[in-house]
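Chain and residue survey
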Amino acid sequence: MIISLDWIKEFVTLPVDKDIHDFANALTMATAEVEEVHEANKILEKIIAVKIISFKSHPNAEKLRLVTFSDGVKQFEVVCGAPNVRVDLIVPYAPLGVTLPNGMKLEAKEIRGIWSQGMLCSATELGLGVDSSGLLELPVNTLIGTNLAQVYGHHGAQELLVIDNKSLTHRPDLWGMYGFAREFAAIYHTHLKPIVPFNWAAKIAENSNLPVLNVRVASSSQCTFFSLIQLSGWHNAPTPDWIKSRLESVGVRSLNLAVDITNYVMFELGIPLHAYDRSKVKGSIVVQALEQGVDFKTLDGVVRTLAPGDVLISDEQKPLVLAGIMGGEDCIVTESTQELLLEAAIWNAQDVRKTSTRLGLRSESSARFEKTLDPKSAQIAFSRALELFFKFCPKLQISAKPFLFADEKKLPARLVKLHLSYLYTVLGMQVSHEKIKNILYSLEFKISSELPDCWILEVPSFRAQKDITIEEDIIEELARMIGYDSLPISSPLTEILPLHLSKDKSFLRKSQDFFVYNAQAFEVMTYPLIGKDLLHKSAWVDDAQDLVLVNALSEEADRMRPSLIPSLLQTVAKNCKNITHFRLFEFGRIYSSVKNDFAKEAHHLALAFVSKWEHQLNSLYSTVETYFKFLHLPVMFHTQLGQKMKLPASLVSPAWTGLHPSETLYLESMGNIVGFVTTVHPYILRNFKLKSNVHIAVIDCSYLMPRGFENKTKFNPISLQPDSYFDCCIEVKKETYVQEIIELLWNVVQQDKLKEITKIKVLDDYFSGSHQQRFVTFRLTFESAQETITSERLKILENIVLDSLGKAGFFLRKS
Amino acid sequence: MFDINQFHQIEESFNAELQNCATMAQVLDLKSKYIGKTGPLSVAMKQLKDATIEHKRTVGPILNNLREKIELLVQQKINVLELATINQSLASEKFDWTMRETVLEKSFSTAGLHPTTLIQRELEDIFLSMGFDVLDGPHIEDEYHNFEALNIPADHPARDMQDTFWFNDKKHLLRTHTSNIQIRGMKQKKPPFRFVAPGKVFRCERTDATHEMVFHQLEGMMVGKNISIGHLVYFMKTLLKEIFKKDMEIRLRPGHFPFVEPGFELDIRWKKPNPAKSSERYSGWLELLPCGMIHPKVLAAGGIDPKEFNGFAFGLGLDRLVMVKYGIDDVRHFHSGDLRFLKQFASY
């Protein structure tokens, strides 16, 4: 929305000690955001239209010419390099002393030995356009010697403010100059010139036999107000310059006087009007919602397909106007039109919005009707337009009985209560009654009753449609005019209670920290949205129940991710192009549709260890093991899933081929499979062109999060007796898991109640003879808190250990 | 029988010989020579057994002193020699202290959190310290919590401005703002309360340097009795001071959001980059925080009686804050997973 200050000043006197930037700031702070400020191009007043009389080549420069011209009184000579110089051309001349918009100050100077007095200008040099190819050629009828501000009228010389339309969505009254004039009057406590209704009834031809306009407004149209008047004796005349220039300043091209008047009133009062060529309208008029689709050629020449429900004004033969959006090409007013129909109406905002959105047809009219316009304002606009029609064409006559329809039921006065105590609470301070009243009156509210704490206000109709409905809306009106910056700032008085991060949040934070500080990994974020291609590339089984978007931006992000794995692999592949050795993790949500809920969101952790050189599965596995210790939660690792343990589909589909056949470990905690650690199957890696070792772990945090961080540590007295160790080196097969032997030994400890054995660890893992033999050294720690373990007892313990190892086929290394 | 001078001589000659000792063996030999079984002191001690009581009383302590002195000197000499030996061997060993994690290609000497996590935590901590609980909510939301209950009915133009990702049932969507937590939070809590809710939000919007289809917001709400606009401004000013470590110049101006009434835009004064000249910056206002007093319809939808309680709500774009703080030029880095971006925010 563009506001012309010149136009505004017709209704309100703006303070003389303030400039356009002050006005912009005042509006931004009290009403709506001003996005741009266009200062008046004052230079144009100093630029003079001159006529070229003669020119000749510059004696010292091939491309320059000496141009002689006249301002009607005197002759001047300048040096000029423009290619379009010719005799009788009327061009703009900047005399000495003028500073051009680009900052260049014109001083008498010598160009290649010749003194030049000022400069002939291009459009760019004057800030009038982008054409810098040559001198700006002024129209041949331009009066020589006049300044360009006169030549161009107000265009280019106007002070304009550009308002962000988004800040006007709730304010239909601000879609015309008058609404902004009212805001200025309220901001600066000045008088707003009222719009005096034009008494058009006096212009109705005195003829008792006036024809009747046959109009039917069907309820399906949802139209609440419709007025139509027939004007005869119209003849087109040139649109006055002031109307033309004001329309141009807000970006509207002048067409012909009748159309210009309706546009002018729309920009002045915010109400779109429509003028028809009467001769093109055949028979009676009907206003209704379409029952079946129809093609309609709008005045922009485009044929549009209308759908049932679209509201249309038609005559007996054809559609005339797409209600509230755009007129038809057939009945547009042209220069030869002699009889007019002028229409003002109020349309249903949702209908207009729906139709214009569907057709992709947004007009100045639809932008306004979408905001829900006020029937009373429509009447005022109607009379204002008639005033202008009669002003420019005094012979005009109202040649038929005007048609007026108003659904009075939909026009009740809106009353809203204001409790002063509540106002003071929200403002945080008291305000004098006088001040409150002044603001309300300046915004045209009426006070219909006044109890000590409760005032009943009548909302002006132009604010009463949707904008102001509740007490809080009134408080906003008062607060913004008092000034938000003048309200007192203070801390509320409130009870102090201890406060902690939730279990989920603490879990997340501690886990993130763990993976940064312990696993030395970087946290990444990937899109929760994913596409089919990436799922296929990751060999993820396509689930028909996928949560698919209906309006995705692209196929790469058209559904919710069922797992973190695909995007993790993609991220790994992306980084492998730059780095050979890295670790990363993501805490993110995965999404699945479930029976009773549309969607379920689960928090998952994905961790990747990637190295071109090293196999890091054990390092990843150790990290995950340590993570569970850090969580104070139990964990067991399984190479195979037993009968009882099921792999949850949310974790990974059992059919996923990315799991390595021998390098996969499943994590069990508290009776559930909560995750896995694996080396990604090389076959999948191939899809990503990955040649590195890629090990990933995925953990479903939904089991772990609610447990929080419960540290159940209890102190144990420190043994006063020294520990003793028993080291035994055992020959094992290459493919033996040490864990098997450790578990075997612990079983023995349990069965034989060898409570002195407190630790069983691997001391060394040794391959000899080019890896044909493997020797693992175990260290068993014996300790007893109560007494020294005798050497006899030690011997017994050692023998039990060796016996059971022997029974299982593990023998001491032969020395 | 006992010549005191003899003992002095023994001491002197021991000292002289000790001086000349250069090796541990020499010291030990010397020790056995003087205080060994056949050494002069042992001999004298033996003789003392048969001496008079008077002799025992006078000579005994002298002998003992001398013996202790010699033992002490021997130990000292040994210590000196040992230290010299260790130092000598240390001097011959050269340790390459420059071969550290940081120079190894195969090391992980750096790691860190995502910059959005960093800012999010900072904000959570600031709000927690001011008594705001930190809540979370679903990404996949229904129309009711994302729009209806927030006073954004189906035909409201505000729905056009928040380009929404819809699911095929046309009832569920990806939340377009963290405001979906307003209703959930209110239903979960009893006034008075205050909470914030950070998280991912989604807009059906083409991505470019300043637009993302997935980004982060932080929603905040306070409900109580007699809450004023000044209370809202107080928390916002305090927040900004905590973030920027200085008092920030702010302005509050009208802004229209259906779920607040009155609604505001809170701007901060900052040095804007000049689009024409990147090196230049000029003073301007940055739109940072849409906020306002909670609309009574929204309170009612949250199960709170608007006649008894009121409050304020605000929303904050986390990504924009991250971008301003670190000078990041392109929002698309955030979800890129590119370590070249993330490494710049390493925790160590």
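A quick note: this is a predicted structure, and the numbers were derived from the prediction, not measured.

Time to look at the overall build of chain B. For chain B, the count of helices and strands is twelve helices and nine strands. For 348 residues, the compact-globule estimate of 2.2 N^0.38 gives 20 Å, and chain B exceeds it by more than 25% at 42 Å. Seen through its principal axes, chain B has C-alpha atoms that stretch 125 × 50 × 45 Å. Taken across its 348 residues, chain B has 52% of its residues classed as buried. Summed over all atoms, the accessible surface of chain B reaches about 17,000 Å², with 52% contributed by carbon and sulfur. Computed over 45 positive and 45 negative side-chain charges, the inter-centroid distance for chain B is 2 Å.

Time to look at a nonpolar patch on the surface. A contiguous nonpolar surface patch, about 280 Å² in accessible area, is contributed by M99, V103 and L104 of chain B. As for its placement among the helices and strands, L104 of chain B is situated in the loop between helix 4 (53-92) and helix 5 (115-129).

Here we come to the packing of helix 6 (residues 257-269) of chain A against helix 9 (residues 375-392) of chain A. Residue and element names in this part refer to chain A. Relative orientation of the contacting elements helix 6 and helix 9 amounts to 140°, with a least axis distance of 10 Å. The angle between helix 6 and helix 9 falls in the class oblique. Both helix 6 and helix 9 take part in a crossing whose hand is right-handed. In contact with L257, A258, I261, Y264, V265, E268 and L269 of helix 6, helix 9 contributes I380, A381, R384, A385, L388, F389 and F392. Residue composition of the contact of helix 6 with helix 9, by class: twelve nonpolar, no polar and two charged.

Moving on, we come to the interface of chain B and chain A. Every contact between the two is made by 89 residues of chain B and, on the other side, 82 residues of chain A. Surface buried jointly by chain B and chain A totals about 7,600 Å² across both partners, of which 62% is contributed by carbon and sulfur atoms. If you sort the residues of chain B by the area they bury against chain A, F108, P254 and L339 of chain B come out on top, with a joint share of 10%. A salt bridge links R509 of chain A to E124 of chain B, with the shortest nitrogen-to-oxygen separation between them at 2.8 Å. Put simply, chain B and chain A have 28 residue pairs in polar contact (both at pLDDT 80 or more) between them.

With that settled, consider unusual backbone geometry. Cis geometry marks the peptide bond from P191 of chain B to P192 of chain B, where omega comes out at 0°. Looking at the element boundaries, P192 of chain B is found in the loop between helix 8 (180-188) and strand 4 (193-202). For the bond from E261 of chain B to P262 of chain B, the omega torsion is -5°, close enough to zero to count as cis. Along the polypeptide, P262 of chain B turns up in strand 7 (residues 260-273). Even without being glycine, H632 of chain A reaches a positive phi, approximately 60°. The backbone phi angle of K170 of chain B is positive, close to 65°, even though this residue is not glycine.

This part covers the pairing of strand 5 (residues 75-80) of chain A. All names here are of chain A. One ladder, built from six bridges, connects strand 4 (residues 61-70) with strand 5; its direction is antiparallel. When the sheet's bridge partners are listed, V67 is paired in strand 5 with V78. Counting the residues between successive antiparallel strands, the hairpin from strand 4 to strand 5 contains four residues, one of them, G72, with a positive phi of roughly 100°.

Residue and element names in this part refer to chain A. Taken together, seven strands build an open sheet; the order of strands is 26-29-30-34-33-32-31 and the sheet is mixed. Across the chains shown, the open sheet's two edge strands, defined by having one partner strand only, are strand 26 (522-523) and strand 31 (636-638). Pairing of strand 31 with strand 32 (residues 659-669), which is carried by three bridges, proceeds in the antiparallel orientation. Considered in strand 32, the bridge of H638 is made with Y666. Taken strand by strand, helix 16 (residues 617-631) contacts strand 29 (581-592), strand 30 (600-611), strand 31, strand 32, strand 33 (672-680) and strand 34 (693-700), and its axis lies near 20° from that of strand 34.

Now for the confidence of the model for chain A. Interpretation of the predicted coordinates at a detailed level should be avoided for regions scoring low in pLDDT. When pLDDT is averaged across chain A, the result is 91; 98% of the residues are at 70 or more. Taken element by element, chain A is modelled with least confidence in helix 3 (residues 148-151) of chain A, mean pLDDT 78, and with most confidence in strand 26 of chain A, mean pLDDT 98.

It is worth spelling out the packing of aromatic side chains at this point. A complete count under the given rule lists 41 aromatic pairs over all chains for this structure. Between F147 of chain B and W166 of chain B, the ring centres sit 6.4 Å apart and the planes meet at 35°, which makes this aromatic pair tilted. Remark: W166 of chain B occurs in the loop between helix 7 (158-161) and strand 3 (172-174) and F147 of chain B occurs in the loop between helix 6 (143-146) and helix 7; sequence separation between them is 19 residues. Look at W166 of chain B and you get buried, because its relative accessible area is 17%. Three or more aromatic residues joined by ring pairs form one cluster here, namely F514, F515, F585, F587, Y627, F628 and F630 of chain A. The aromatic ring of Y725 of chain A is capped on one face by R779 of chain A, whose charged end is 4.3 Å from the ring centroid.

The next subject is the nonpolar core. Ranked by size, the top nonpolar core spans 213 residues in total, and within it F184, F226 and W347 of chain A together with L123, I229 and F314 of chain B carry the most contacts. Counting 30 residues, the second largest nonpolar core, distinct from the first, contains A519, F628, L633 and L665 of chain A.

Here the focus is the side chain of N84 of chain A. Here N84 of chain A is to be found in the loop between strand 5 and strand 6 (90-94). Every residue in contact with N84 of chain A, bar those within four places of it in the chain, is listed here: L89, G134, L135 and E137 of chain A.

Reading the values: the criteria
Residues numbered from 1 in each chain as written. Chains lettered and ligands numbered in written order. Predicted model: local features only at pLDDT ≥ 70, side-chain atom pairs only at ≥ 80, totals over all residues. Heavy atoms only, no water. Helix = DSSP H or I, 4+ residues; strand = E, 2+ residues; numbered from the N terminus. Rg over C-alpha atoms; globule rule 2.2 N^0.38 Å. Buried < 20%, exposed > 50% of the residue type's maximum accessible area, 1.4 Å probe, protein only. Areas by Shrake-Rupley, 256 points an atom, 1.4 Å probe, with all protein chains shown as cover. Lys, Arg positive; Asp, Glu negative; His and termini not counted. Charge placed at Lys NZ, Arg CZ, Asp CG, Glu CD. Patch = residues over 30% accessible without salt bridge, like charges linked within 9 Å, V, L, I, M, F, W, Y side chains within 5 Å. Salt bridge = Lys/Arg side-chain N within 4 Å of Asp/Glu carboxyl O. Axes fitted to C-alpha atoms, helices over the stretch in contact; angles between N-to-C directions. Parallel < 35°, antiparallel > 145°, perpendicular 65-115°, else oblique. Left-handed = near helix turned anticlockwise from the far one by under 90°. Contact = heavy atoms within 4.5 Å. Nonpolar A, V, L, I, M, F, W, Y, C, P; charged D, E, K, R; others polar. Buried area = accessible area lost by both parts, 1.4 Å probe. Polar contact = N/O pair within 3.5 Å; in protein donor to acceptor, adjacent residues only side chain to side chain. Pairing = 2+ DSSP bridges. pLDDT = per-residue confidence, 0-100. Phe/Tyr/Trp six-rings, centres within 6.5 Å; stacked < 30°, edge-to-face > 60°. Lys NZ or Arg CZ within 6 Å of the ring centre and 35° of its normal. Core = buried A, V, L, I, M, F, W, Y, C linked by side-chain atoms within 4.5 Å.

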